[in-house]
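Structural overview for review
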Amino acid sequence: MKYNQEQGYQRNHVIVQGREKVLEEFVNSSTVINGKRVRHKLLNFFSSNSEDALTGSFLDTFTQVMELKSRNTQLLSMLRL
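Bear in mind the structure is a predicted one, so any value in this text is a computation, not a measurement. Along each chain, residues carry numbers from 1 onward, in the same order as the chain's sequence is written. Per-residue local features of the predicted model are confined to residues with pLDDT of at least 70, and side-chain atom pairs are confined, for both listing and counting, to 80 or more; whole-chain, interface and lining totals are unaffected and use all residues. Note: side-chain values were computed over all heavy atoms of the structure, leaving out hydrogens and water.

Things to note about the overall build of the chain
We apply this condition: Counting from the N terminus, the helices are DSSP H or I runs at least four residues long and the strands are E runs at least two residues long. Only protein chains enter the calculation, and the probe is 1.4 Å; a residue is then buried if its accessible area is under 20% of its type maximum, exposed if over 50%, and partly exposed in between. Only heavy atoms enter the contact rule, under which two residues are in contact if any of them lie within 4.5 Å. Using the Shrake-Rupley algorithm and a 1.4 Å probe, accessible areas are obtained, with residue cover drawn only from the displayed protein chains.
When helices and strands are tallied, the chain shows three helices and four strands. Listed by position from the N terminus, the elements making up the chain come as β-β-α-β-β-α-α. By the burial criterion, 25% of the 81 residues in the chain qualify as buried. Counting only contacts in the chain whose residues sit at least 6 apart along the sequence, the fraction spanning at least 24 positions is 34%. Total accessible area computed for the chain in this model is approximately 6400 Å², and 56% of it derives from carbon and sulfur atoms.

Brief notes about empty space enclosed by the protein
In this approach, a probe sized like a water molecule rolls over the atoms, and the result shows the empty space that is left. Selection criterion: The rule is simple: put a 1 Å grid over the protein atoms alone, call a set of points where a 1.4 Å probe fits but cannot get out a cavity, call an open set with protein on both sides within 12 Å along at least five of seven lines a pocket, and count a residue as lining if it has an atom within 4 Å of a point. Grid points are joined across faces, edges and corners, and a volume is the space filled by probe spheres set on the points.
Scanning the entire structure with this criterion turns up one cavity of 30 Å³ or more. What lines the largest cavity is His-13, Val-14, Ile-15, Val-16, Arg-19, Leu-23, Gly-56, Ser-57 and Asp-60. Ranked by residue count, the leading element in the lining of the largest cavity is helix H3 (residues 51-79), at three residues.

Regarding the packing of aromatic side chains
Rule in force here: Centres within 6.5 Å are what make two rings of Phe, Tyr or Trp a pair, Trp counting through its six-membered ring; a difference in plane orientation under 30 degrees is then read as stacked, over 60 as edge-to-face, and the rest as tilted.
Throughout the structure, instances matching the rule amount to one aromatic pair. A centroid spacing of 5.6 Å and a plane angle of 20° characterise the contact between Phe-58 and Phe-62, whose relative ring orientation is stacked. With Phe-58 and Phe-62 both in helix H3 and four residues apart, the pair spans about one turn of that helix. A residue is classified by how much of its surface remains accessible, and Phe-62, at 42% relative accessible area, is partly exposed.

Some details on unusual backbone geometry
Of note in this structure, Asn-34 is not a glycine but carries a positive phi near 50°. By the secondary structure assignment, Asn-34 is in the loop between strand E3 (31-33) and strand E4 (36-38). Asn-34 sits in the exposed class, given a relative accessible area of 80%.

Overview of the side chain of Asp-60
The criterion, for reference: Between N or O atoms, a polar contact is any pair within 3.5 Å; within protein, one atom must be a potential hydrogen donor and the other a potential acceptor, and residues adjacent in sequence are included only when both atoms are from side chains.
The topology assignment puts Asp-60 in helix H3. Of the polar contacts made by the side chain of Asp-60, one reaches the side chain of Arg-19; its length is 2.4 Å.

Quick notes on a nonpolar patch on the surface
Quick note on the threshold: Exposure above 30% relative accessible area and no salt bridge define the residues that can form patches, which grow by joining like charges within 9 Å and nonpolar side chains of Val, Leu, Ile, Met, Phe, Trp and Tyr within 5 Å. Only one rule defines a salt bridge in this text: a Lys or Arg side-chain nitrogen within 4 Å of an Asp or Glu carboxyl oxygen.
Residues Phe-58, Leu-59, Phe-62, Val-65 and Met-66 make up a contiguous nonpolar surface patch of roughly 470 Å² in combined accessible area. The residue Leu-59 is located in helix H3 in this model.

Topic: the confidence of the model for the chain
Atom-level detail of predicted coordinates should not be read off regions where pLDDT is low. The condition that has to hold: On a scale of 0 to 100, pLDDT captures the predictor's confidence in every residue.
Confidence in the prediction for the chain averages 77 pLDDT; 88% of positions are at 70 or higher. Put simply, strand E1 (residues 2-3) is where the chain has its lowest mean pLDDT, 46, and E4 is where it has its highest, 87. Across residues 1-5, where pLDDT falls below 50, the model places 13 contacts with residues more than four positions away in sequence or in other chains.

Right, dumping it as structure tokens:
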């Protein structure tokens, strides 16, 4: 994991290596609000004070840690056979 110093929303995130595209797709996703398509995540992720930026970064990192833990547990159980 690294802290990305680039300008843009990336500067507010811990980005797990290989997950850059997933983060980009998530941040650029849109929703319809009052009949208008809005990319609300993109705006919020630019602010270093944004709870959305912090939460998104945490959840992606946490998910990756849990998946790694699960893979390691499965590997260990296979080795014990």
